[in-house]
Amino acid sequence: MVQISTMKVGEEAVKEMKVLYEGDANWGIPKNIKEFASESFSRLEIEYTKENNVRLSVPLREDEMISKFRSDVRDLLLALAKENSVLAEKLARYYKIKL
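Residues numbered from 1 in each chain as written. Predicted model: local features only at pLDDT ≥ 70, side-chain atom pairs only at ≥ 80, totals over all residues. Heavy atoms only, no water.

Draft legend 1. Geometry of the packing of helix α3 (residues 60-83) against helix α4 (residues 85-94). Remark: α3 packs on α4, axes separated minimally by 6 Å, with the N-to-C direction vectors making an angle of 150°. As summarised for this structure, α3 and α4 are arranged roughly antiparallel, according to the angle between their axes. Residues L77, L80, A81 and E83 of α3 pack against S85, L87, A88, L91 and A92 of α4. Grouping the constituent residues of the contact of α3 with α4 by class yields 7 nonpolar, 1 polar and 1 charged. (Axes fitted to C-alpha atoms, helices over the stretch in contact; angles between N-to-C directions. Helix = DSSP H or I, 4+ residues; strand = E, 2+ residues; numbered from the N terminus. Parallel < 35°, antiparallel > 145°, perpendicular 65-115°, else oblique. Contact = heavy atoms within 4.5 Å. Nonpolar A, V, L, I, M, F, W, Y, C, P; charged D, E, K, R; others polar.)

Written out as structure tokens, the structure reads:
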């Protein structure tokens, strides 16, 4: 197992990891997934298995926080769309949030 980045956080947060990507080790982790994970999460774990697979895991708690944040922003954009739909659509497109 290779750790890309480690930051000290609560013990329970470190223990619970969520698999973000799993695939064939010959192809590696796609660049867009690796960039998203390294820009979004404080800790990554990359594991190479005996079955010639690679698994990228991220902290479960951080993933839940990011999902909640995106949901809250989406709700704000939907409320904004009632007043100014063009601006809401542009912001959603810029931040890659589906309305």
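Draft legend 2. Spatial organisation of the environment of L77. As for its position among the elements, L77 is in helix α3. For L77, a relative accessible area of 7% corresponds to the buried category. Distance in space between the C-alpha atoms of L77 and L87 is 8.9 Å, their sequence separation being 10 residues. In contact with L77, not counting residues within four places along its chain, are A88, L91, A92, I97 and L99. (Buried < 20%, exposed > 50% of the residue type's maximum accessible area, 1.4 Å probe, protein only.)

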